[in-house]
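This is what each chain is made of:
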Amino acid sequence: MKNLFLLVFAAGLFMMACNKTEKVEAPASDNPFFTEWTTPFATPDFSKIKDEHYRPAFMKGIEEKRADIKAIVDNKEEPTFANTIEALEKSGQLLDRVSNVFFNLQGANTNDTIIAVTEDLLPELTALGSETTMNDALFQRIKKLYDTKESLGLNKEQAKVLENYYKSFTRNGALLDAAQKEELKKIDVEISTLTNKFGNNVLEETNRFKMVLDKKEDLAGLPQSVIDAAADAAKADGQEGKWMFTIQKPSLIPFLTYSSNRELRQKMFNAYTHMGDNNDEFDNKEIAVKVANLRVKRAHLLGYKSHADYILEENMAKNPAKFYELAGKIWEPAVANAKKEVAEMQKIIDAEGGNFKLAAWDWWYYAEKVRKEKYDLDEEMLKPYFKLENVRDGAFTLANKLYGITFEKRDDISIYHPEVEVFEVKEADGSHIGILYTDYFPRASKRGGAWMNAYRSRTNMGELKTPIICNVCNFTKPAGDKPSLLTFEEVTTLFHEFGHALHGLLTKGNYPSVTGTAVSRDFVELPSQVMENWCAEPEMLKLYAKHYETGEVIPDELIKKIQDAGKFNMGFVTTEYMSAALLDMDWHTWTEPKQVECNAFEKESLDKHNMIDEIVVRYRSTYFRHIFSDPIGYSAGYYGYIWCGVLDSDVFEAFKETSLFDQATATSFRKNILEKGGTEDAMDMYKAFRGREPIVEPLLKKRGLL
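Keep in mind it's a predicted model, so treat the numbers as computed, not measured. (Residues numbered from 1 in each chain as written. Predicted model: local features only at pLDDT ≥ 70, side-chain atom pairs only at ≥ 80, totals over all residues. Heavy atoms only, no water.)

Student: I would appreciate a short explanation of the pairing of strand β9 (residues 468-472) in the present structure.
Tutor: For a regular strand, side-chain orientation follows a simple rule: the groups alternate between the two sheet faces. By the criterion of burial, β9 is predominantly enclosed, with five of the five residues buried. Strand direction decides the pairing type here: strand β5 (residues 432-439) and β9, joined by five bridges, are parallel. Within the sheet, the bridge partner assigned to Leu 436 lies in β9 and is Ile 469. Relative to β9, strand β6 (residues 451-456) runs antiparallel, the two being bridged by five bridges. For Ala 454, the partnering residue across the bridge sits in β9 and is Ile 469. (Buried < 20%, exposed > 50% of the residue type's maximum accessible area, 1.4 Å probe, protein only. Helix = DSSP H or I, 4+ residues; strand = E, 2+ residues; numbered from the N terminus. Pairing = 2+ DSSP bridges.)

Listed below in structure tokens is the structure:
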């Protein structure tokens, strides 16, 4: 229901644990959330927002939301779309305003007060969500409209909004009796509490591991940029003169890729793959099993065989069988390719006199050797051409070439951290589209990963409110006298998240519950993943890949090497990802509660699918935050990335059939996909663009798996 369900789920994304801080509340007159912002484009006024403003703003917002719902229910007039559905879309505006700021900062710039507020408010928000979706009088008004929808004269968007509300209520217990509703409410609160704890534990595990080296010989093999970054990290930690490595990806992956010290590689790898699996206060094994069992009970209460059946009903896949069918077409060729990659790396180990069998912690190191041998391509050769600012401007240039839009830096808009930058997005004619915040570097107050979110979704219900979007990432920071130089993987991540941002910015829907990225989980990654396809195209590279010192455009020989290596290691990449998608689905296709040991179930799942020993599943169960660290999240939906991989490969094929920046194709994609958000069925939107359903062959071809 609008942002309410998202709000409850977002609370579960909370990823830190600490002792409660003392409650401090500011006077109501000083609270910036209580009045409309007079900032440019009504952007959040971070200069006035203090930690003590959140709690009272949330409490007043919850109170107002309840009053808005009561007003709808108490309306004596017959239900109409305007006095019921549109009224729901407009309800809880204060709650939306504070929650959009709060939960964005909870991930991007958290602190002890935000942590404490989350812990205090999580039960309140969960209860509000439950009482709203179980409000029978409200549901009866919605049901009456839904039962007579054909006679209401609704347009497509309005019909979809009405359908979504009806399903939201029925899928959250509206048709249950009183006792069943009470049971569902208890289950939801318990799941919310457990998933919150799961996320807290993972962040604690991520932050507490530090490998500090004080011997130069232990740095053997590492590029100077990696050494400099480790020196900066150690200095920031009060250990100047040493080198510190963590299991944050910008530190972990370069170490695994370049360190010639096999023992240290194993230490780093094991620290990462044993997060939540150390039999201590941050252990997640029992939590994962409890959540899986609670989800089975919840699904049964709502009339579904399994949690996966419940989730997939609303996705493009529709049911688990469709996922497993797709998985089979990808898994077998992926594993076959991975085995070939193992053989290539083992040859190098043997040739070097290594008396050991390739292990999982060796993969990055020896894969890099194979890449250098086969393609003469070293990541360090590429990074000077991928200065962060140039890559970002390249993404902006791509959007301009496809859609004619422009990005203007704004220094008059308040920011929440000095590293954040703000851009106004405009149409070709100069008219305003929205605002984009970028926040690119890791810090202790930011969770890992990369994401897009909205400080405000587009709405147009009597008054147009344009979108305010943020991209948050964890890229390699500037080190020493060098700027931030990205790996090619980081380049694709920037383009990926920028694709999500475009989805949020270019939406044309009127109702916030269906604008932007408010689409099914196995469709939401299409606008982001399709952007990655342009990154390595020669014509595109020449627009943004310029040496940070000389300004030289990336030479043709390096472009050829990038393209030749494009299919390299795809057996590993696809197998590592698909194993996580299969593990996720196996956890959530239980049709009855099970008493299992977490690691034993995980092994059984991977063995069943013939996972090879040399690859560890991308996310082991104990740190699989996508599926266990918020109430719903990507549970039974992690496959969405590969499902959208099929879509994005097929979409890009349409450009390749014409030209890289073909205006007709771009216009069709914008109008049929980006602008429509969730206003229509995902498959219908896709077919309107492509003229048919997606096919898997372009993905297999792109990854070299055919």
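So, next bit.
Student: I keep staring at the sheet that holds β9 and nothing clicks. Help me out?
Tutor: Consider a sheet: its strands pair through backbone hydrogen bonds, and that pairing is either parallel or antiparallel. An order of β3-β4-β5-β9-β6 is seen for the five strands of this open sheet, with the pairing classed as mixed. Each edge of the sheet is formed by a strand with only one pairing partner; in this case those strands are β3 (406-409) and β6. The average angle at which neighbouring strand axes cross in this sheet is 30 degrees, direction not considered. Packing of helix α4 (residues 93-108) onto the sheet brings it into contact with β5, β6 and β9, and relative to β6 it is tilted by some 155 degrees. Contacting β3, β4 (421-426), β5, β6 and β9, helix α18 (residues 488-505) runs over the sheet at an angle of about 170 degrees to β9. (Axes fitted to C-alpha atoms, helices over the stretch in contact; angles between N-to-C directions. Contact = heavy atoms within 4.5 Å.)

Student: Explanation requested: unusual backbone geometry in the structure shown.
Tutor: Glycine aside, negative phi is the norm for most residues, and most peptide bonds take the trans geometry. Its identity as a non-glycine residue notwithstanding, Asn 279 has a phi of 55 degrees, on the positive side. Within the secondary structure, Asn 279 is located in the loop between α11 (262-273) and α12 (285-301). Taking relative accessible area as the criterion, Asn 279 reaches 65% and is therefore assigned exposed. Located in the positive-phi region is Asn 569, a residue other than glycine, with phi close to 65 degrees. When you line up the elements, Asn 569 lands in the loop between α21 (556-564) and α22 (570-588). Accessibility expressed as a relative area gives 13% for Asn 569, which makes it buried.

Student: Looking at this structure, I do not really get the layout of surface pockets. What am I missing?
Tutor: Any empty space left between atoms is shown by rolling a water-sized probe over those atoms. As a volume, the second largest pocket reaches approximately 560 Å³. Considering the residues around the second largest pocket, the lining is formed by 25 residues, among which Glu 36, Gln 93, Arg 456, Thr 459 and Lys 465 are closest to the centre. For the lining of the second largest pocket, the elements supplying multiple residues, two or more each, are α3 (81-90), α4, β6 and β8 (464-465). Ranked by residues supplied to the lining of the second largest pocket, first place goes to α4 with five residues. Broken down by class, the residue content of the lining of the second largest pocket amounts to ten nonpolar, six polar and nine charged. (1 Å grid on protein atoms, 1.4 Å probe; cavity = no way out; pocket = protein on both sides within 12 Å on 5 of 7 lines; lining within 4 Å. Points joined across faces, edges and corners; volume = space filled by probe spheres on them. Nonpolar A, V, L, I, M, F, W, Y, C, P; charged D, E, K, R; others polar.)

Student: I would appreciate a short explanation of the side chain of Asn 104 in the present structure.
Tutor: Examined against the element boundaries, Asn 104 turns out to sit in helix α4. Apart from residues lying up to four places away in sequence, Asn 104 is in contact with Ser 99, Asn 453, Ala 454, Tyr 455 and Cys 470.

Student: When you look at the pattern of salt bridges in this model, what are you seeing that I'm missing?
Tutor: Pairing of side chains with opposite charge becomes possible as their charged atoms draw close. For the structure shown, the criterion picks out 55 salt bridges. Here Asp 378 and Lys 372 are joined by a salt bridge, their closest N and O atoms 3.7 Å apart. Overall, Lys 372 belongs to the partly exposed group, its relative accessible area being 35%. Close ionic contact of Arg 410 with Glu 424 constitutes a salt bridge, the shortest N to O distance being 2.7 Å. A residue pair is termed long-range when its members are at least 10 positions apart, and Arg 410 in the loop between β3 and β4 and Glu 424 in strand β4 qualify at 14 residues. Take Arg 410 and Glu 424: they sit in the same class, and that class is buried. What you see here is one network of salt bridges that share partners, running through Asp 277, Asp 283, Lys 285, Glu 602 and Arg 620. (Salt bridge = Lys/Arg side-chain N within 4 Å of Asp/Glu carboxyl O.)

Student: I tried to follow the side chain of Glu 341 on my own but got confused; where do I start?
Tutor: Mapping Glu 341 onto the fold places it in helix α14 (residues 320-351). For the buried Glu 341, which has no salt bridge, the nearest side chain bearing the opposite charge is Lys 374, at an N-O separation of 8.1 Å. Discounting chain neighbours no more than four positions away, the residues touching Glu 341 are Trp 363, Asn 569, Met 570, Gly 571 and Phe 572. (Lys, Arg positive; Asp, Glu negative; His and termini not counted.)

Student: Looking at this structure, how should I read the packing of helix α17 (residues 388-403) against α18?
Tutor: The axes of two packed helices give the description: the angle between them and the distance between them. At a minimum axis separation of 10 Å, α17 and α18 run at an interaxial angle of 45 degrees. Classified by the angle their axes make, α17 and α18 are oblique. In this structure, the crossing between α17 and α18 has a hand that is right-handed. Here α17 contributes Leu 388, Val 391, Arg 392, Gly 394, Ala 395, Phe 396, Leu 398, Ala 399 and Tyr 403 to the contact with α18, which in turn contributes Val 491, Leu 494, Phe 495, Phe 498 and Leu 502. (Parallel < 35°, antiparallel > 145°, perpendicular 65-115°, else oblique. Left-handed = near helix turned anticlockwise from the far one by under 90°.)

Student: Explain the nonpolar core to me, please; I cannot follow it from the model alone.
Tutor: The nonpolar side chains of soluble globular proteins are, as a tendency, buried together. Counting 174 residues, the largest nonpolar core has Phe 245, Phe 386, Phe 495 and Tyr 544 as its most contacted members. If you tally residues by element for this core, the top one is α14, at twelve residues. Setting aside residues no more than four positions away along its own chain, Tyr 544 makes contact with Tyr 385, Phe 386, Asn 390, Val 391, Gly 394, Phe 488, Val 491, Phe 495 and Cys 535. Core analysis: the second largest hydrophobic core is formed by 32 residues, Ile 62, Val 117, Leu 121 and Val 422 among them. (Core = buried A, V, L, I, M, F, W, Y, C linked by side-chain atoms within 4.5 Å.)

Student: Just to check I follow, could you spell out the confidence of the model for the protein for this structure?
Tutor: The predicted structure's coordinates, where accompanied by low pLDDT, should not be read in detail. Here the protein shows a mean pLDDT of 93. Residues at 70 or above account for 96%. The low-confidence segment residues 1-24, where pLDDT is below 50, has 87 contacts with residues more than four positions distant or belonging to other chains. (pLDDT = per-residue confidence, 0-100.)

Student: Which parts of the structure should I look at to understand the packing of aromatic side chains?
Tutor: Each pair of aromatic rings is reported with the distance of its centres and the angle of its planes. In this structure the tally under the stated criterion is 51 aromatic pairs. Considering the side-chain rings of Tyr 375 and Phe 568, the 5.8 Å spacing of their centres and the 70 degrees angle between planes classify their relative orientation as edge-to-face. With Tyr 375 in helix α15 (residues 363-375) and Phe 568 in the loop between α21 and α22, this pair connects stretches of sequence that are 193 residues apart. For Tyr 375, a relative accessible area of 18% gives the class buried. On the basis of relative accessibility, which here comes to 15%, the residue Phe 568 falls in the buried class. The side chain of Lys 60 reaches across the aromatic face of Phe 34, ending 5.7 Å from its centre. (Phe/Tyr/Trp six-rings, centres within 6.5 Å; stacked < 30°, edge-to-face > 60°. Lys NZ or Arg CZ within 6 Å of the ring centre and 35° of its normal.)

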